[in-house]
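The residues making up each chain are set out below.
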Amino acid sequence: MSPPAVEPRTLTRRIAALALPALVVLAAEPLYVLVDTAVVGHLGRVELAAVAVGGTVMSVAVWFGTLMAYGTTGRAARRFGAGDRTAAVAEGVQASWLALATGALLVLLAQLFAAPVTRALAADPAAAEAAAGWLRIASLGVPGLLLAAAGNGWMRGVQDTRRPLLYVLGANVLSAVLCPVLVYPAGWGLTGSAVANVVAQSATGGLFLWAVIRERAPLRPSPAVIVRQLVLGRDLLIRGAAFQACWLSATAVAARFGVAAVGAHQIGLQLWFFCALALDAVAIAAQSLVGAALGAGDDTAARAVARRVTAVGAVAGVGFAVLAAAGAGVVPGWFTGDRAVHEQAANVWPWFVGMLPFAGVVYALDGVLIGAGDVGYLRTMTLAAALLGFLPAIWLAFALDWGLSGVWFGLALFMLIRLAFLLVRWRNARWAVLGVTR
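- Under an unreviewed UniProt entry, the name given to the protein chain is MATE family efflux transporter, and the organism recorded is Actinoplanes nipponensis.
- Under the heading Sequence similarities (unreviewed entry), UniProt records this for the protein chain: "Belongs to the multi antimicrobial extrusion (MATE) (TC 2.A.66.1) family."

What follows is the structure, given as structure tokens:
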């Protein structure tokens, strides 16, 4: 049976119904990392450094998981919109096979290369050794992490946001309780932290695996479908690599302006990532609703969703900008009492606040195009924005000694170029390709 048509009067409620649970799911992992860091931090500097280094390496798996979820959502949503829930779930089955294969490979690589990788990242030998031990254990949870990503993808595609919320929250609460127990009363120390990670990720992955099996879709792997998912993932991976290059370059240039400058830049960047996380929830709603409308052959509904979700994203961006502007004199003090850092943060803040309304539109339109499967265009325009806008601006800021204002000018230029490309694509509607596949 086909999903109900999207009514203009209920679109905002539909977007909120998908976005709010997605926001909680997106926030669960970072919040657990904060709990884990707080627990391990009381063991000592070496242990804290070990988790920081090991967690940085594990973030690669999280990145793969995000790509997998986004790639699966649009494909499943199209089939759901066409009235074929079984085919939508089948996308989740194939994504789960891909998750298991990728997870097994990453576990193998972690066992083989944990020591050299952590030695390259940690200057202190004791911290590097502890990080390698933590990573070898924690990596065993990667298959579960990727299974959860695949499960989130197809469930968002069929507009089921309740079960992912329960699965992710339940497993993370279990792990948040288990972590301090294993670290302290059980006396496992750093190993207890790693085991708690594995338990949370494996439990979440197991719940999503159980959910896809219960759907009674064919479970046999389909190499042809997996290859198409890999092609989609490749474009998202290249796009993500462009983002990483920009963030790393910005931090590298900020560091050349002094310790206070890089500290202020880090505060601004982490707050930016937090806002991006919230705005990404709107993008996830766009992926699901746009994919379903196109799969149903209704380009009018798809365009209506695109307009409404863009408006919601813009309002959310303005809301964050107002809050950020109000907190300009207070928020930096939450992170440090250093006056020099506060002075540098004053250079960052106008750019940070000014970009947020545009970011709301950009993230919403990103979601529209990902839901439509137009990831090739996203890949190309992100590379163009990075190579033609951001990177020249950031290194010019270094050469001309523009300080943090120059760094954040580069980030703003990157955002505005992406916005221009996205608006052009949105208006010409080439993204609105009808059918169960693109």
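**With respect to the packing of aromatic side chains**
Phase 1: In the structure shown here, the tally under the stated rule is ten aromatic pairs.
Phase 2: With a centroid separation of 5.8 Å and 80 degrees between ring planes, the pair formed by Phe 243 and Phe 414 is classed as edge-to-face. With Phe 243 in helix 8 (residues 223–255) and Phe 414 in helix 14 (residues 403–428), this pair connects stretches of sequence that are 171 residues apart. Per residue, the accessibility class of Phe 243 equals that of Phe 414, and both read buried.
Phase 3: Relative to Phe 273, the ring of Trp 247 lies with its centre 5.5 Å away and its plane at 75 degrees, an arrangement referred to as edge-to-face. One end of the pair, Trp 247, is in helix 8; the other, Phe 273, is in helix 9 (residues 259–295), with 26 residues separating them in the sequence.

**With respect to the nonpolar core**
Phase 1: Counting 82 residues, the largest nonpolar core has Trp 272, Phe 352, Val 368 and Trp 431 as the members making the most contacts within it.
Phase 2: At the level of secondary structure, the elements contributing two or more residues to this core comprise helix 1 (11–41), helix 2 (45–81), helix 8, helix 9, helix 10 (299–326), helix 12 (339–371), helix 13 (375–399) and helix 14.
Phase 3: Apart from residues lying up to four places away in sequence, Phe 352 is in contact with Gly 268, Leu 271, Trp 272, Cys 275, Ala 324 and Trp 408.
Phase 4: Within the second largest apolar cluster, 29 residues are counted, among which are Ala 61, Leu 135, Val 142 and Leu 147.

**Quick word on unusual backbone geometry**
Phase 1: Unlike most non-glycine residues, Gln 159 shows phi in positive territory, near 60 degrees.
Phase 2: Along the chain, Gln 159 turns up in the loop between helix 5 (142–157) and helix 6 (162–183).
Phase 3: Unusually for a residue other than glycine, Arg 216 sits at a positive phi of about 60 degrees.
Phase 4: If you trace the backbone, Arg 216 turns up in the loop between helix 7 (190–214) and helix 8.

**Regarding empty space enclosed by the protein**
Phase 1: Tallying each qualifying case throughout the model produces two cavities of 30 Å³ or more.
Phase 2: A volume near 60 Å³ is recorded for the largest cavity.
Phase 3: Lining the largest cavity, in full, are Trp 247, Trp 272, Met 355, Trp 408, Leu 411, Phe 414, Met 415 and Arg 418.
Phase 4: Examining the composition of the lining of the largest cavity, we find that five residues originate from one element, helix 14, more than from any other.
Phase 5: Tallied by class, the residues present in the lining of the largest cavity amount to seven nonpolar, no polar and one charged.
Phase 6: Approximately 40 Å³ is the volume found for the second largest cavity.
Phase 7: Taken together, Pro 21, Ala 22, Val 25, Asn 152, Arg 156, Thr 161 and Pro 164 make up the lining of the second largest cavity.
Phase 8: Mapped onto the lining of the second largest cavity, the elements with two or more residues apiece are helix 1 and helix 5.

Rules behind the numbers
Residues numbered from 1 in each chain as written. Predicted model: local features only at pLDDT ≥ 70, side-chain atom pairs only at ≥ 80, totals over all residues. Heavy atoms only, no water. UniProt positions renumbered as here; feature names shortened; annotations may be inferred. Phe/Tyr/Trp six-rings, centres within 6.5 Å; stacked < 30°, edge-to-face > 60°. Helix = DSSP H or I, 4+ residues; strand = E, 2+ residues; numbered from the N terminus. Buried < 20%, exposed > 50% of the residue type's maximum accessible area, 1.4 Å probe, protein only. Core = buried A, V, L, I, M, F, W, Y, C linked by side-chain atoms within 4.5 Å. Contact = heavy atoms within 4.5 Å. 1 Å grid on protein atoms, 1.4 Å probe; cavity = no way out; pocket = protein on both sides within 12 Å on 5 of 7 lines; lining within 4 Å. Points joined across faces, edges and corners; volume = space filled by probe spheres on them. Nonpolar A, V, L, I, M, F, W, Y, C, P; charged D, E, K, R; others polar.

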